[in-house]
Amino acid sequence: MMLKLNPAARLMIPDRLDGPESIRRTTHLGIGAHQDDLEFMAFHGILECYERPDRWFGGVTVTDGRGSSRAGPFALWSDDQIAEERVREQESAAVIGQYSFVAQLGFASSAVRDASQGAVRDELRKVLEASRPEVVYLHNLADKHDTHVGCALRALEAIRLMPKAERPKMVYGCEVWRDLDWLVDNEKTPMPVSRHPVLAQTINAVFATQIAGGKRYDLAVLGRRAANATFGNPHATDQETSMQWAMNLTPLVQDETLDPVEYAAGFIERLKQDVIRRMRQSL
Ligand SMILES: [Zn+2]
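Everything numeric here is computed off the predicted structure, so don't read it as measured data. (Residues numbered from 1 in each chain as written. Predicted model: local features only at pLDDT ≥ 70, side-chain atom pairs only at ≥ 80, totals over all residues. Heavy atoms only, no water.)

**Student:** Account for the sheet that holds strand S5 (residues 135-139), with residues named and values stated.
**Tutor:** If you walk across this open sheet you meet the eight strands as S1-S4-S3-S2-S5-S6-S8-S7, and the pairing is mixed. Lying at the two open borders of the sheet, with one neighbouring strand each, are strand S1 (10-12) and strand S7 (189-192). Each strand axis lies, on average, 25° off the axis of its neighbour in the sheet, ignoring direction. Across five bridges, S5 lies against strand S6 (residues 170-174) in parallel orientation. Pairing of Val136 across the sheet is with Val171, part of S6. Helix-sheet contacts for helix H6 (residues 119-131) involve strand S2 (28-32), strand S3 (57-63), strand S4 (101-107) and S5, and the interaxial angle to S4 is about 170°. (Pairing = 2+ DSSP bridges. Helix = DSSP H or I, 4+ residues; strand = E, 2+ residues; numbered from the N terminus. Axes fitted to C-alpha atoms, helices over the stretch in contact; angles between N-to-C directions. Contact = heavy atoms within 4.5 Å.)

**Student:** Kindly report on H6, identifying the contributing residues and their values.
**Tutor:** Taking 1.5 Å per residue, 13 residues should reach 18 Å; H6 reaches 19 Å between its end C-alpha atoms and fits that length. Of all the positions in H6, only Val120, Glu123, Leu124, Val127, Leu128, Ala130 and Ser131 are classed as buried. Take H6 and look down its axis: the buried residues cluster within an arc of 170°, on one side only. Where H6 terminates, the next one or two residues include Arg132, which has phi positive at roughly 45°. (Expected span 1.5 Å × (residues − 1). Buried < 20%, exposed > 50% of the residue type's maximum accessible area, 1.4 Å probe, protein only. Arc of directions from axis to C-beta.)

**Student:** Please provide a residue-by-residue account of the side chain of Gln104, values included.
**Tutor:** If you trace the backbone, Gln104 turns up in strand S4. By relative accessible area, Gln104 is classed as buried at 2%. Here Val87 takes part through its backbone oxygen, which lies 3.0 Å from a polar atom of the side chain of Gln104. Not counting residues within four places of it along the chain, the set of residues in contact with Gln104 comprises Ala8, Ala9, Arg10, Gln35, Thr61, Arg86, Val87, Gln90 and Glu91. (Polar contact = N/O pair within 3.5 Å; in protein donor to acceptor, adjacent residues only side chain to side chain.)

**Student:** Hey, could you go over the coordination of the zinc ion for me, with residue numbers and the actual values?
**Tutor:** Protein coordination at the zinc ion: the donors are His34 (ND1), Asp37 (OD), Asp37 (OD) and His148 (NE2), at 2.1 to 2.5 Å from the metal. In this structure, the zinc ion is coordinated by four donor atoms arranged in irregular fashion, with angles at the metal of 55 to 143°. Going along the chain, you hit the donors of the zinc ion in the pattern H-x2-D-x110-H. You'll find His34 and Asp37 in the same group, each marked buried. (Donors = N, O, S within 2.8 Å, 3.2 Å for Na, K, Ca; no water. Tetrahedral: all angles 85-135°; square planar, octahedral: opposite > 155°, others 65-115°.)

**Student:** I'd like to hear about the nonpolar core, residue by residue, with values.
**Tutor:** Judged by nonpolar contacts, the single largest core of 46 residues is most densely connected at Ile31, Val60, Val62, Leu105, Leu124, Leu138 and Met247. The element that contributes the greatest number of residues to this core is helix H7 (residues 146-160), accounting for six residues. Once residues lying within four places of it in the same chain are set aside, the contact partners of Val62 are Ile31, Gly32, Ala33, Leu105, Gly106, Phe107, Val112, Val120, Leu124 and Cys151. Counting residues in each nonpolar core, the second largest holds 25 residues, with Met41, Ala42, Phe57 and Val193 among its members. (Core = buried A, V, L, I, M, F, W, Y, C linked by side-chain atoms within 4.5 Å.)

**Student:** Can you explain the environment of Ser109? Please cite residues and give values.
**Tutor:** Here Ser109 shows up in helix H5 (residues 109-113). The spatial distance from the C-alpha of Ser109 to the C-alpha of Gly67 is 9.7 Å, given a sequence separation of 42 residues. If near-sequence neighbours (up to four positions away) are discounted, Ser109 is found in contact with Thr63 and Thr147.

**Student:** I'd like to hear about unusual backbone geometry, residue by residue, with values.
**Tutor:** Here the phi dihedral of Glu51 falls at roughly 60°; this positive angle occurs in a residue that is not glycine. Looking at the element boundaries, Glu51 is found in the loop between helix H3 (43-49) and S3. Its identity is not glycine, yet His196 carries a phi of approximately 55°, on the positive side. Tracing the sequence through the fold places His196 in the loop between S7 and helix H8 (197-205).

In structure tokens, the structure reads:
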């Protein structure tokens, strides 16, 4: 096999292309903590590659999907059953979205959040070196889910271990548990996602364990994208019906001396200055 992962991991190649090329063809790579994060946050990458012979979206889901909330038809399911079903849901999304591959690494959330354990970072490095993507989609550093933040930090560490010439050219931090509408306007990286609205609905609806589990992520994700498109610019008419914002994380992988904490805090400081300036000019 072209990519040797830990025994708990599951690798799936939707079109069953055999050999290292199935991974290496990847141009856009999403790395998310949980099953469904890729589809909610990195839909831009999925669309960029959809029905394109020259571009491929690859997906990595780092955790094992255990311990998620459950209700309705899943109320009585065990952790094992839920985890297995979430793996299947993620693989269905990979088929619908025409991914080059999806790797579900099967780590516990605690391992993702713990910087002293190198296993997650090393596994991500293996995937990155086998796929060599040009564009990478991560969680944003101001996300309020601790596993998301840990996942983004482990991925940044892994990219920093790659030879400089092989690192992705663009790295985006994306919206899940905190949107990025608060970034000052000239720091928002726009990711238009208006094309293929039916695909967006279909791929979100795959995650039944989460949605029937009492969280209407399917509606919330599409609603946020619509709100971003309309509220992005108070002075222009809408060019897109659906928009996601990203935090540009590329400088962090070009320059290892940049501290991720200071880098993220810089966006917040510039928001603070923007709020103060707008108030002062009317006082
Ligand atoms: Zn998540």
